[in-house]
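# Topology and contacts: notes
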Amino acid sequence: MAQAAPPGMNEVGSAHESSRGKLFARSLPFVSVVLLVLLPLLHPGPEIIRLLFITLVWITASVAWNLIGGFGGQVSFGFAVFYGLGAYTTALALNHGISSWIAFPLGGFVASLASLLVGLPTFRLRGPYFAIATIGASEAVRVIMTNVSLTGGASGYRIMETGAFHQLEHFYSALALAAVVVAASILVERSKLGLALVAIREDEDAASDLGVNPYRAKLMAHSLAAALTGAAGGVYARYAAFIHPQGVFAFSISVAILLMPIIGGVGTIWGPVIGAVVYGLIHEELVASFPQLHLLLYGSLLILIVFFEPRGIMGLLGRWFNAMQRRRRLSGSHS
Amino acid sequence: MAPILKVDRVTMHFAGLAAVREVSFELEPGRIYGLIGPNGAGKTTLLSIIAGSLRPTSGSILFEGRALGKGRAFEAVHAGIARTHQIPRPFRALSVMANVEVGASFGRKAKSKTQEGNDASRILQWVGLSHLAQTSAANLSVGDQKRLELARTLAARPNLLLCDEICSGLTASETAAVLRLLREIQQAGTTILYVEHDLKVIMSLCDHVIVMNHGSKLVEGPPQAVQNDPAVIEAYIGKNGDQVSEA
Amino acid sequence: MNAVDLLNLTIAALLLAGVYAAMSVGMTIIYGVMKIVNLAHAGFLMLGAYFVYQLNSSFGIDPLLGVVLAFPVFFLVGMAIHWLLIRRLPTSDQPTLVSLMLLFGLWLVLQNLGYLIWGNADRAILTRWTFWVWRIGPLSIPGVRLVVFGAAVTSVAALEFMLHRTWFGRAVRALMQDRDAGRIVGINVDQTARVVFGVGIAFAGAAGGLLAMLYSFSPDFGGAFLLRAFVIIVLGGLESFAGVAIGALILALVETFSILILPASYQPAVAFSLLVVALVVLPEGVAGLWHRRHRPA
């Protein structure tokens with residue numbers, strides 16, 4: 001959302017003045033990771049692990065999308081392409097005896113290649129036009145995958161893995177991937193690429209006038225985002241052991257992947273994480289309780305976000321912290 | 001001495017309208033040139049062509065002997081040309097320092113990475129914005145925005161600096177400060193092409209002036225000569241009696 | 001394949017082009033004046049289809065008449081939506097991500113409305129011409145396509161007339177060229193924008209009704225047509241409706257003849273491939289959509 005400026009390069013974390021608040025914010029991610037790593041020791045049960053697993057996969061896709069969509073301002077409606085290609089590639093690799101250590105990155109690699117095919121022609125278009133073109137790319141790939149018989153076509157594709165199903169193995173794969181993606185996001189945000197992306201988002205022509213090559217920066221960010229999303233698809237595929245085009249290439253997946261960062265705070269580091277957690281936890285409940293209404297709810301949520309807080313939950317948190325500080329300052333001056 | 005920039009019969013058509021017609025001139029390195037003309041003369045269009053963001057309909061641009069003009073601004077920047085915008089276009093989501101860093105990181109190749117970082121702080125100090133380094137660019141006054149625009153462009157280490165009406169909207173003292181800066185930039189070896197439509201500023205600053213009107217080059221020469229040229233006076237006073245600037 | 005088949009296919013493509021043109025016009029005019037890419041266009045195509053369907057199935061109203069009725073109804077709906085939502089968007093001379101999000105959200109809402117009211121079963125409209133085939137000599141032309149083509153061309157022609165012969169049309173064209181200049185000259189931009197949005201939605205609804213006469217539909221049927229409308233705009237341009245006609249013709253021809261080599265389910269891929277080809281082959285492409293030529297201040 002170019003209209004409301006998300007926290008800039010030097011402003012992440014500067015919303016809290018108090019050092020206690022800063023310490024809390026800085027340590028929260030590490031504490032969460034440690035908690036998640038240790039969680040299985042508490043025997044929470046397969047349902048909870050499954051829910052967390054799904055959420056971690058969503059976190060990966062959400063943070064990845066944000067690299068190009070949030071930092072770069074190039075909103076893609078077609079990330080299901082990368083998710084699905086990663087899923088199918090990993091599935092094919094696993095069925096040919098390739099270990100998951102290689103199968104996951106392979107899925108990411110194929111997705112990355114696809115991102116170049118999509119990006120090379122479409123990044124010539126400005127933001128919103130790129131968005132529509134990505135809808136087309138997504139539909140085109142879905143249609144092709146539905147018709148290709150090598151991977152089972154519309155009836156789907158099954159992964160036959162030897163060995164028992166160890167749910168925790170999948171859980172830790174997803175956790176590791178999510179940690180990698182968040183680290184990547186932080187690194188990109190601090191890097192030259194991150195600077196270029198924000199400049200492009202704010203004013204592509206002015207960025208070009210300063211020597212930024214917008215085309216190359218977009219392709220790089222898109223490629224990285226696609227690779228990580230592809231890996232997420234691969235991790236999911238291995239867990240589900242059965243994938244089909246209507247599932248992994250569905251438009252609703254693309255919608256989910258872009259909705260999460262917007263809910264949480266597009267263009268920030270933690271916004272997409274928060275958004276994915278919110279989406280991951282409530283989506284299943286929502287679809288179970290109001291099966292007919294979830295599009296309506298998400299659509300209305302988007303409209304409300306646009307009008308009231310384009311910065312999403314991070315924006316709301318920012319406003320809350322500012323209000324708290326103002327109150328503290330005011331009460332301090334009375335003593 | 002070989003000219004740093006050679007503009008050769010550059011023409012630009014926009015949907016049938018000729019914004020620039022067969023304009024030719026040369027710039028010697030290290031001098032300050034003025035590009036003047038009434039509003040609508042085609043100055044900004046010509047600047048955009050030289051800066052690389054517009055591809056001319058015909059004609060050529062030779063910078064340091066190499067042909068440019070393919071419509072990719074960033075390539076011109078890497079070659080050593082950078083321009084400021086008439087209306088400042090700061091990156092609002094970034095701090096002042098980060099804005100300048102964009103120029104420093106992506107401009108003409110620096111000697112080393114550390115030089116890039118030093119450039120940014122040094123330039124901020126030079127233009128007088130150090131105290132605002134961490135301020136968001138969205139919160140700057142117009143005068144500061146113009147200074148940021150200049151700082152950002154300088155950070156790209158151009159050999160040829162294109163300034164587009166950088167003093168418009170500034171107070172007299174702010175203008176004087178900017179002009180002082182420009183002279184310092186020239187003394188450091190950078191060639192400057194300065195677009196203005198205020199004659200007073202140009203006369204005090206430039207070694208050589210090029211006058212445009214209706215897309216064509218009218219005259220060029222030293223400021224005094226141009227100022228007294230009847231064609232120039234008529235172009236500014238015009239048939240409608242608008243635009244009267246004091247010589 | 002002989003000459004007769006070739007001719008039949010060409011005619012089929014021509015007829016399709018007419019409908020495609022009518023379908024894109026709504027999006028074009030909204031973009032041209034307001035610089036908003038109307039993602040919800042797909043939703044209104046869908047609602048238009050169901051509107052005409054419902055009138056036909058509940059009241060036995062002829063679909064063509066339904067299409068005619070769709071114009072005023074959707075015009076009012078469009079104006080209402082503009083008043084409620086669109087006018088609060090920050091204006092700019094370039095499409096913004098915020099507008100994209102808003103209209104996408106609206107599209108989701110409309111889709112859900114479709115599902116709620118009509119469920120997700122495919123529907124189709126049967127008319128007295130659905131099975132009529134007009135035979136001229138060796139050629140056979142599906143009558144319904146001819147009728148739909150006629151309606152489409154008539155409505156686009158009417159729009160052209162309005163744009164070039166009325167004061168309002170002149171105001172719209174002025175705004176398409178330069179919004180601020182239009183304001184200075186005294187055009188009430190907000191009101192004009194509202195009417196324009198209404199017209200755009202009116203065409204979306206009516207075009208949806210026309211499409212419903214040709215294809216079966218369900219609440220998500222807008223998406224493929226949204227892509228097609230966009231491809232047409234990229235191919236033909238935003239400057240004039242002649243451009244839309246050309247774009248529509250190219251797309252219709254490519255799609256119709258591609259059926260000879262590809263199964264029909266590959267159609268979305270065809271539209272997208274055409275988009276990619278257009279983007280690669282026409283780098284100097286369509287003004288306004290591309291790496292925007294820097295307009296001097």
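Residues numbered from 1 in each chain as written. Chains lettered and ligands numbered in written order. Predicted model: local features only at pLDDT ≥ 70, side-chain atom pairs only at ≥ 80, totals over all residues.

### What to know about the overall build of chain C
Heads up, the rule is: Helix numbers and strand numbers start at the N terminus; a helix is a DSSP run of H or I with at least 4 residues, a strand a run of E with at least 2. Atoms considered for the radius of gyration are the C-alpha atoms alone. The globule rule reads 2.2 Å times the number of residues to the power 0.38. The burial criterion counts other C-beta atoms lying within 10 Å of a residue's C-beta, which is placed from the backbone; the residue is buried at 20 or more, exposed at 12 or fewer, and partly exposed between these limits. The contact criterion used is a C-beta to C-beta distance within 7 Å, with each C-beta placed from the backbone.
For chain C, the count of helices and strands is 11 helices and 2 strands. Going from the N terminus to the C terminus, chain C shows its helices and strands as α-α-α-α-β-β-α-α-α-α-α-α-α. Taking 297 residues into account, the globule formula puts the C-alpha radius of gyration at 19 Å, and chain C, at 19 Å, falls close to it. With respect to the three principal axes, the spread of C-alpha positions in chain C is 60 × 45 × 35 Å. In chain C, which comprises 297 residues, the share counted as buried stands at 51%. A separation of at least 24 residues holds for 76% of the contacts in chain C among residues at least 6 apart in sequence.

### Side note on the overall build of chain B
Counting its secondary structure elements, chain B contains 9 helices and 10 strands. Taking 18 Å as the expected radius of gyration for a compact globule of 247 residues, we find that chain B reaches 18 Å, a close match to that expectation. Overall, chain B is about 50 × 40 × 40 Å in size when its C-alpha atoms are taken along their principal axes. Evaluated residue by residue, chain B yields a buried proportion of 49% over its 247 residues. For chain B, restricting intrachain contacts to residue pairs at least 6 apart in sequence, the fraction spanning at least 24 positions comes to 66%.

### Considerations on the sheet that holds strand 10 (residues 216-221) of chain B
Residue and element names in this part refer to chain B. Stated precisely, the cut-off is as follows: Two strands are counted as paired when DSSP detects at least two bridges linking them. A fitted line through C-alpha atoms represents every axis, and for helices the fit uses only the stretch in contact; the resulting angles, taken between N-to-C directions, go from 0 to 180 degrees.
Pairing in this open sheet of 6 strands is mixed, and the strands run 6-7-8-3-9-10 from one edge to the other. This sheet does not close on itself; its edge strands, each paired only once, are strand 6 (81-83) and strand 10. Here the average twist between neighbouring strands, direction ignored, is 20°. Across 4 bridges, the pairing between strand 3 (residues 32-36) and strand 9 (residues 208-213) is parallel. Paired with leucine 35 across the two strands is isoleucine 210, which belongs to strand 9.

### Some thoughts on the interface of chain C and chain A
Facing the 41 residues of chain C at the interface are 39 residues of chain A. The greatest single-element share of the side of chain C that touches chain A, amounting to 14 residues, is contributed by helix 4 (residues 97-118) of chain C.

### Structural notes on helix 11 (residues 251-264) of chain A
Residue and element names in this part refer to chain A. Worth spelling out the cut-off: Given the number of residues in a helix, its expected span is that number minus one, multiplied by 1.5 Å.
For helix 11, built from 14 residues, the straight-helix expectation of 20 Å at 1.5 Å per residue is met to within 8% by its first-to-last C-alpha distance of 20 Å. Helix 11 sits mainly inside the fold: 11 of its 14 residues count as buried. By the burial criterion, the buried members of helix 11 are Ile253, Ser254, Ala256, Ile257, Leu258, Leu259, Met260, Pro261, Ile262, Ile263 and Gly264. Within two residues after helix 11, glycine 265 carries a phi angle of roughly 135°, on the positive side.

### Digging into the packing of helix 5 (residues 143-165) of chain C against helix 6 (residues 167-177) of chain C
Residues and elements named next belong to chain C. This is how it is decided: Any angle between 65 and 115 degrees counts as roughly perpendicular, while under 35 counts as roughly parallel, over 145 as roughly antiparallel, and the rest as oblique. Under the scheme applied, nonpolar residues are Ala, Val, Leu, Ile, Met, Phe, Trp, Tyr, Cys and Pro; charged residues are Asp, Glu, Lys and Arg; polar residues are all the others, including Gly.
Across the interface, helix 5 lies against helix 6 with an axial gap of 5 Å and an inter-helix angle of 85°. Taken together, the axes of helix 5 and helix 6 are roughly perpendicular relative to one another. Together, Met162, Leu163, His164 and Arg165 of helix 5 and Gly169, Val172 and Arg173 of helix 6 make up the contact between the two elements. Split into classes, the residues belonging to the contact of helix 5 with helix 6 amount to 3 nonpolar, 2 polar and 2 charged.

### Brief notes about the confidence of the model for chain C
Residues and elements named next belong to chain C. Operational definition: The quantity called pLDDT is the predictor's confidence in a given residue, expressed from 0 to 100.
Overall, the predicted model of chain C reaches an average pLDDT of 82, with 91% of residues at or above 70. Low pLDDT, under 50, characterises residues 284-297; the predicted model gives this stretch 26 contacts beyond four residues in sequence or across chains. Of the two predicted TM-score estimates for the complex, the pTM is 0.87 and the ipTM is 0.89.

### Focus on the domain arrangement of chain B
Residue and element names in this part refer to chain B. Counted only if it meets this: The start and end points of each domain follow an automatic or database-based domain assignment.
Domain annotation for chain B reports domain 1 (1-80 + 159-247) and domain 2 (90-157). On a C-alpha basis, the centres of domain 1 and domain 2 stand 24 Å from each other. Contacts between domain 1 and domain 2 engage 10 residues on the former and 10 residues on the latter. Among the elements of the structure, helix 2 (73-79) and helix 6 (172-187) are those that each provide at least two residues to the side of domain 1 that touches domain 2. For the side of domain 1 that touches domain 2, a count of residues per class yields 6 nonpolar, 3 polar and 1 charged.

### Observations regarding helix 11 (residues 267-281) of chain C
Over its 15 residues, helix 11 of chain C runs 21 Å from end to end, which matches the ideal 21 Å to within 8%, given 1.5 Å per residue. Restricting attention to buried positions, one finds in helix 11 of chain C the residues Pro268, Ala269, Val270, Ala271, Phe272, Leu274, Leu275 and Leu279 of chain C.

### Details of the pairing of strand 9 of chain B
Residues in a regular strand point their side chains to alternate faces of the sheet. Residues and elements named next belong to chain B. Counting buried positions over the 6 residues of strand 9 gives 5, a clear majority of the element. In this sheet, strand 10 lies alongside strand 9 in antiparallel orientation, the contact comprising 5 bridges. Paired with valine 211 across the two strands is valine 219, which belongs to strand 10. What sits between strand 9 and strand 10 in their antiparallel hairpin is a turn of 2 residues, with histidine 214 showing a positive phi close to 50°.

### Quick look at the interface of chain A and chain B
Counting residues at the interface gives 21 residues for chain A and 27 residues for chain B. Sorting the residues of the side of chain A that touches chain B by element identifies helix 7 (192-202) and helix 8 (204-208) of chain A as the ones contributing at least two each. It is helix 7 of chain A that contributes the most residues to the side of chain A that touches chain B, 6 residues altogether. When the residues that make up the side of chain A that touches chain B are grouped by side-chain class, the tally is 11 nonpolar, 5 polar and 5 charged.

### Things to note about the confidence of the model for chain B
Residue and element names in this part refer to chain B. Of all residues in chain B, 95% attain a pLDDT of 70 or more, and the chain-wide mean is 87. When pLDDT is averaged over each helix and strand of chain B, the minimum, 79, is found for helix 9 (residues 230-237) and the maximum, 95, for strand 6. Note on residues 239-247: pLDDT under 50 across the span, and 12 contacts to partners over four residues away in sequence or across chains.

### Here's the deal with the sheet that holds strand 4 (residues 58-63) of chain B
Two modes of strand pairing occur in sheets, parallel and antiparallel, and in both the strands are linked by backbone hydrogen bonds. Residue and element names in this part refer to chain B. The strand order across the open sheet built from 4 strands is 2-1-4-5, with neighbouring strands paired in antiparallel fashion. Bordering the open sheet on either side are strand 2 (17-27) and strand 5 (66-68), each of which pairs with just one other strand. Pairwise comparison of adjacent strand axes, ignoring direction, gives a mean angle of 30° for this sheet. Direction of pairing for strand 1 (residues 5-14) relative to strand 2: antiparallel, over a ladder of 7 bridges. Bridging from a neighbouring strand, valine 10 pairs with valine 23 of strand 2. Where helix 1 (residues 43-51) meets the sheet, it contacts strand 1, strand 2 and strand 4, and its direction lies at approximately 120° from that of strand 1.

### Digging into the packing of helix 2 (residues 41-59) of chain C against helix 4 of chain C
If you want to describe how two helices pack, look at the angle between their axes and the distance between the axes. Residue and element names in this part refer to chain C. Selection criterion: Crossing chirality is assigned from the near helix's rotation relative to the far helix, an anticlockwise turn below a right angle marking it left-handed and a clockwise turn marking it right-handed.
Where helix 2 contacts helix 4, the two axes come as close as 8 Å, and the packing angle between them is 25°. With respect to helix 4, the axis of helix 2 lies roughly parallel. You can see that helix 2 and helix 4 cross each other, and the crossing is left-handed. Every residue of helix 4 that contacts helix 2 at Ala42, Gly43, Met46, Leu47 and Tyr50 is listed here: Leu106, Trp107, Leu110, Gln111, Gly114 and Trp118. Residue composition of the contact of helix 2 with helix 4, by class: 8 nonpolar, 3 polar and no charged.

### Let's talk about the environment of tryptophan 65 of chain A
Residue and element names in this part refer to chain A. The topology assignment puts tryptophan 65 in helix 2 (residues 46-71). Under the C-beta neighbour-count criterion, tryptophan 65 is labelled buried, with 30 such atoms within 10 Å. The spatial distance from the C-alpha of tryptophan 65 to the C-alpha of aspartate 209 is 27 Å, given a sequence separation of 144 residues. If we ignore the near neighbours within four places in the chain, the residues touching tryptophan 65 are Ser76, Phe79, Ala225, Thr229, Ile257, Leu258 and Pro261.

### Here's the deal with unusual backbone geometry
All names here are of chain B. One non-glycine residue with positive phi stands out, namely glutamate 64, at about 50°. Its identity is not glycine, yet glutamate 165 carries a phi of approximately 45°, on the positive side. With respect to the element layout, glutamate 165 can be found in the loop between strand 7 (160-164) and helix 6. Take glutamate 165: there are 21 C-beta atoms within 10 Å of it, and that puts it in the buried class.

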